[in-house]
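Single-letter residue listing:
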Amino acid sequence: MPELPNAPGTVRSFTREGQALMLECGAARLRVSVLAPRLVRVSVGPGGTFAPRRSWAAAAPDEAFAAVPFDVRDEDDAVVLDTGAISVRIAKADARVAFADASGAQFCADTTGARWEPGGAVACAKRIGAGEHFYGFGERTGQLDKLGRRMINWTTDPAWGHGPGTDPLYIAMPVLMALRPGLAYCLFFNNTWRSEFDMGAARYGEWQMRADGGAIDYYLAYGPAPAAALEQLSALLGRAPLPPRWALGYHQSRWGYTSEAMVRELIAEFRARDLPCDVIHFDIDYMRGYRVFTWDAARFPDPPRLLADMRAAGFKAVTIIDPGVKIDPDYHVYSDGLARGMFITRADGTIFHGYVWPDDSVFADYTRPEVRAWWGQQQKALADMGVRGIWNDMNEPAVFQRPFGEGAGDVGTIDLDAPQGPDGERTTHAEVHNMYGYGMARASYEGLRAHSDERPFVLTRSAFAGIQRWSACWMGDNSSWWEHLELTMPQLMNMGLSGVPFVGTDVGGFFGNASGELFARWMQLGALTPFCRGHSHAETERHEPWVFGPEIEAICREYLQLRYRLLPYMYTLFWEASQSGAPVLRPLLFHFPDDPATYQIHDQVMLGPALMAAPVYHPGRRFRAVFLPRGEWYDWWSGERVGTAERGAPILADAPLERMPLYARAGAIIPSGPAMRYADERPLDALALDLFPGDGELTFYEDDGHTFAYERGQHCTTRYTLRREGDDLVFTIGARAGQYTPASRTVAVRVKGPDRWQADRPAEFEDDGQAREIRFTRTPSS
């Protein structure tokens, strides 16, 4: 990787300008902006000119943050900005930047620092600290820890069968989390051009961010723990709004549900077999000649009636929408968009067109607000029929080499010199390519929200940093391989560490034919992932749970029923994500950041702070090694106490086909509900609170689960605490707080584990929202 020729040079002077420190250097200006005590922005302006803020930027504007105090010191060899939580040191000799925590421990320090070519590439090199590891970067292949990897940010539809070295994939996520004992920080590289992170692959002890254009402009969000760092990052990039509760249920999909009759048969099978399911996804088969926002009248003769019957049976409909709009003068979306100037042109001013499913197609320019509004309006016809979610696919954007009917050929994208952007911000596709899926998802979300007070559900394949504001993400076209089951875990956990909590993969794999064993093991993991959908390719065997025989169907039923019972807990985790940016699915390091033994564990996941799963991802395995972090742990299935380690220790866990090792942390308080076939089959009229002996707490969140009334104050929380007092357990229920009143219900408090406990007052009662305390005393075994 060659060095770029230009650098800022010597610091000649500096001034304090509002919430920023401005440094005049020999060849550039350097700006350090304080957005919060633990959130700082560093921008380099070659020749004294900073890149303008784009209207489509993922990060919040600096002006959105309240002013905070900070000090500036003029030292012999450096200028130092100090917020009290962190300091930023700029060397006078060469403008190299280094950060330090309140104790003076340095991190994210420049080696060669910022470099650029006039009008071209930019780069910044940093030192890898001792014991430092790196996470995030979106949906990458490979292990959880990305130390030693080189990764490209360029949204791409990869060739079939991606492996450990395949890069890039569908999502561009220039976000990282760095971790070492006692210190964590996140960094967002604010650059939408094709870029890369080299995390020590080219030069030992040094990492580098580099882009083909744009500017060196990055934000650093300091922890010192991962949760605190993500809280700062999500304040910058946005947090996920609460999804509709039904979206947390199971989704069934297939490229190949080609008729109304097939869909009706599908929903009947799920209900007859008592397999929980909330959503049916309609792939491209439902469209008229792959024209987006249309239905094929022959195969789906009465969509409103079908969707109404689905709703009556407890199912929601989600329809796929691709960005390619078929060129057809008689097709209203094309003709209207053409007349309004909604589509991207080539550099010579002619309309850009390329091949996708409907063959020759045009593409909307989502960087323009009027185009996003127009696109969102196209969804109204679907929403009025009863469609409740939009699934965006092919939005890297992917463009075929040849017509689909001729085999499609290699996959490319829009011309890089194609003009895009609103008036006053015109640029080329090269700058905004990575934002294409983000813009489409934003248009979809805003359009659905404009039509109803019901919360939208949007799912996207391609994305950029900050996508959590608009959409859930799935990890694209995986395969029915054990290796891709394994890959699910680091992919989803790194997405969470990138600030994106609502994520999942296609259960069972999209390409290829899953065996019954693979499908069962995938469903066991999928039942705990934030987004849970089975999906498969038209040319594969069917992948519904019952096609693998009674044994596999029973396993799928058990784990889907577990997911539905845990919906109160999962919904609370989604609320936490909306408040703090915390992932729903987490790596062990998130809760044990000072234990380096957790840093490279990619094959165990935590659902919130309380549950830990160790999925099986090899064929024929009926046991597996499990690392239990420090503290006490309980086997979810048996209640047995399995770990009391001070430093963490491995165990060998039994894992017959019907059992995925699953553990609860001591002190866990797990709210759960009744068994249901779909998320809104009944209100939460029976709430169970399972306690695992230890010290813990939980704030339980509730609202109507459907509308935006929660944004207007219609929600409530209940604070639960559990503490040990000698041989007793004391469980305290705080008074319900908030304007929302849930349905009448009974509450059953249950202490789990191998011991027997006697309550000093009834542990099952009618919930009146008032505070109460229950003391449990251990009773001798008979």
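As a reminder, the structure under discussion sits directly above these lines.
In this convention, every chain numbers its residues from 1, walking through the sequence in written order. Two thresholds apply to this predicted model, a pLDDT of at least 70 for residue-level local features and 80 or more for giving and counting side-chain atom pairs, whereas whole-chain, interface and lining totals are computed over all residues. With hydrogens and water excluded, all non-hydrogen atoms of the structure serve as input to the side-chain values.

Okay, the overall build of the chain next. In terms of helices and strands, the chain carries 13 helices and 52 strands. A radius of gyration in this sense is built from C-alpha atoms; the matching globule rule multiplies 2.2 Å by the number of residues raised to 0.38. Whereas a compact globule of 782 residues would reach a radius of gyration of roughly 28 Å, the chain reaches 27 Å, a difference of no more than 12%. For the chain, the spread of C-alpha atoms along the three principal axes comes to 80 × 70 × 50 Å. Accessibility here uses a 1.4 Å probe with only protein chains present; expressed as a share of the type maximum, an area under 20% marks a residue as buried, one over 50% as exposed, and anything in between as partly exposed. Taking all 782 residues of the chain together, the buried fraction comes to 63%. The helix and strand labels rest on DSSP assignments: H or I over at least four residues marks a helix, E over at least two residues marks a strand, and numbering proceeds from the N terminus.

On to the pattern of salt bridges, then. Salt bridge, as applied in this entry: a Lys or Arg side-chain nitrogen positioned within 4 Å of an Asp or Glu carboxyl oxygen. Applying the stated rule across the entire model yields 57 salt bridges. Taking the shortest distance from any N to any O, the salt bridge between Asp74 and Lys92 comes out at 2.5 Å. Of the two residues, Asp74 sits in strand E5 (residues 71-74) while Lys92 sits in the loop between strand E7 (86-91) and strand E8 (97-101), which places them 18 residues apart along the sequence. Across the pair Asp415 and Arg346 runs a salt bridge, and its minimum N-O distance is 2.5 Å. Separated by 69 residues along the polypeptide, Asp415 in the loop between strand E27 (411-412) and strand E28 (419-420) and Arg346 in the loop between helix H4 (332-340) and strand E23 (354-356) bring together distant segments of the chain. On the basis of relative accessibility, which here comes to 23%, the residue Arg346 falls in the partly exposed class. Each of Arg73, Glu75, Asp77, Asp82 and Arg89 takes part in one network of salt bridges that share partners.

Our focus in this paragraph is the nonpolar core. By size, the foremost hydrophobic cluster in this structure holds 177 residues, and its most contacted members are Phe188, Phe282, Met310 and Trp375. Counting 46 residues, the second-largest nonpolar core is a separate cluster that includes Val122, Tyr185, Phe197 and Ala211. As used in this record, nonpolar core signifies buried Ala, Val, Leu, Ile, Met, Phe, Trp, Tyr and Cys residues forming a set joined through side-chain atoms within 4.5 Å.

Note: two strands are recorded as paired if DSSP finds a minimum of 2 bridges between them. Taken in spatial order, the eight strands of this open sheet run E1-E2-E3-E4-E18-E15-E14-E12, and their pairing is antiparallel. Sheet topology places strand E1 (11-17) and strand E12 (133-136) at the edges, where each strand pairs with a single neighbour. Neighbour to neighbour, the strand axes of the sheet diverge by 20° on average, direction disregarded. Pairing of strand E15 (residues 183-189) with strand E18 (residues 217-222) involves five bridges; the strand directions are antiparallel. Each residue of the ladder has a partner; that of Phe189, found in E18, is Tyr218. Any pair of residues with heavy atoms lying within 4.5 Å of one another is described as a contacting pair. Where helices are involved, their axes are fitted lines through C-alpha atoms of the stretch in contact, as for all axes, and angles between N-to-C directions lie from 0 to 180°. Sitting on the sheet, helix H1 (residues 226-237) is in contact with strand E3 (28-36), strand E4 (39-46), strand E14 (175-180), E15 and E18, with an inclination near 20° to E15.

Now for empty space enclosed by the protein. Throughout, the protein atoms alone are placed on a 1 Å grid, and a set of points is a cavity if a 1.4 Å probe fits but cannot get out or a pocket if it is open with protein on both sides within 12 Å along at least five of seven lines; lining residues have an atom within 4 Å of a point. Grid points are joined across faces, edges and corners, and a volume is the space filled by probe spheres set on the points. Scanning all chains against the criterion turns up six cavities of 30 Å³ or more. Gly counts as polar in this scheme, as do all residues outside two lists: the nonpolar Ala, Val, Leu, Ile, Met, Phe, Trp, Tyr, Cys and Pro, and the charged Asp, Glu, Lys and Arg. A class-by-class count of the residues in the lining of the largest cavity yields 16 nonpolar, two polar and one charged.

Here the focus is the packing of helix H9 (residues 482-497) against helix H10 (residues 516-526). Following both chains from N to C, one finds H9 and H10 inclined at 5°, their axes separated by 10 Å at the closest point. By the angle class used here, H9 and H10 are roughly parallel. Every residue of H10 that contacts H9 at Trp482, His484, Leu485, Thr488 and Met489 is listed here: Glu517, Leu518, Arg521, Trp522 and Leu525. Within the contact of H9 with H10, the residues separate by chemical class into six nonpolar, two polar and two charged. Any angle between 65 and 115 degrees counts as roughly perpendicular, while under 35 counts as roughly parallel, over 145 as roughly antiparallel, and the rest as oblique.

As a further point, take the side chain of Glu425. With respect to the secondary-structure elements, Glu425 resides in the loop between E28 and strand E29 (427-428). Here the positive residues are Lys and Arg and the negative ones are Asp and Glu; neither His nor the chain ends is included. Among buried Asp, Glu, Lys and Arg side chains, Glu425 stands out as unpaired, with Arg54 the closest opposite charge at 4.4 Å. Pairs of N or O atoms within 3.5 Å make up the polar contacts considered here, provided that, within protein, one atom can donate a hydrogen while the other can accept it, and that residues adjacent in sequence are counted only when both atoms are side-chain atoms. A distance of 2.6 Å separates a polar atom in the side chain of Glu425 from a polar atom in the side chain of Ser55. If sequence neighbours within four positions are ignored, Glu425 has contacts with Arg53, Arg54, Ser55, Trp56 and Gln420.

Of the two faces of strand E20 (residues 279-282), the one carrying Val279 and His281 and the one carrying Ile280 and Phe282 are both buried. Relative to E20, strand E19 (residues 250-252) runs parallel, the two sharing two bridges. Paired with Gln252 across the two strands is Ile280, which belongs to E20. With respect to chirality, the unit in which E19 leads through helix H2 (residues 260-272) into the neighbouring parallel E20 is right-handed. Relative to strand E21 (residues 316-321), E20 is paired through four bridges, and the arrangement is parallel. What sits directly across from His281, in E21, is Val318. Considered for its hand, the β-α-β crossover made up of E20, helix H3 (residues 303-312) and E21 is right-handed. We call a crossover right-handed when, viewed with the strands running away from us, the connection from the first strand over the helix to the second turns clockwise.

Before going further, it helps to spend a moment on the layout of surface pockets. Considered as a void within the structure, the largest pocket measures approximately 610 Å³ in volume. Asp157, Trp357, Asp477, Phe511 and His537 are, among the 30 residues lining the largest pocket, the residues nearest its centre. Grouping the constituent residues of the lining of the largest pocket by class yields 17 nonpolar, five polar and eight charged.

Right, let's get into the environment of Ser452. Relative to the helices and strands, Ser452 resides in the loop between helix H8 (436-451) and strand E30 (457-460). Looking at Ser452, the relative accessible area reads 32%, which means it is partly exposed. In the structure, Ser452 is positioned 68 residues away from Asp384 in sequence and 9.7 Å away in space, judged by C-alpha atoms.

This part takes up the side chain of Lys126. By the secondary structure assignment, Lys126 is in strand E11 (residues 122-127). Given the relative accessible area of 0%, Lys126 is considered buried. Among the polar contacts listed, one links the side chain of Lys126 to the side chain of Asp110, at a separation of 2.7 Å. Only 2.7 Å separates the side chain of Lys126 from the side chain of Tyr218, close enough to count as a polar contact.

Next up on the list: unusual backbone geometry. With the exception of glycine, the majority of residues adopt a negative phi angle, and the majority of peptide bonds are in the trans configuration. With an omega of 15°, the peptide bond between Gly223 and Pro224 qualifies as cis. Assignment of secondary structure puts Pro224 in the loop between E18 and H1. A cis geometry characterises the amide bond from Glu396 onward to Pro397, with omega recorded as 0°. Mapping Pro397 onto the fold places it in the loop between strand E25 (387-392) and strand E26 (399-400). One non-glycine residue, Asp274, adopts positive backbone phi at about 55°. Locating Asp274 in the fold gives a position in the loop between H2 and E20. Of the residues examined, Asp274 reaches a relative accessible area of 36% and is grouped as partly exposed. Of note in the backbone geometry, Met394 takes a positive phi value of approximately 60° without being a glycine. Along the chain, the position of Met394 falls in the loop between E25 and E26.

It is at 11 Å that the axes of H2 and H3 come closest, and there the two elements cross at 5°. On the basis of the axis angle, H2 is roughly parallel to H3. Judged by residue contacts, Glu260, Val263, Arg264 and Ile267 of H2 engage Arg305, Leu306, Asp309 and Met310 from H3. Of the residues contributing to the contact of H2 with H3, the split by class is four nonpolar, no polar and four charged.

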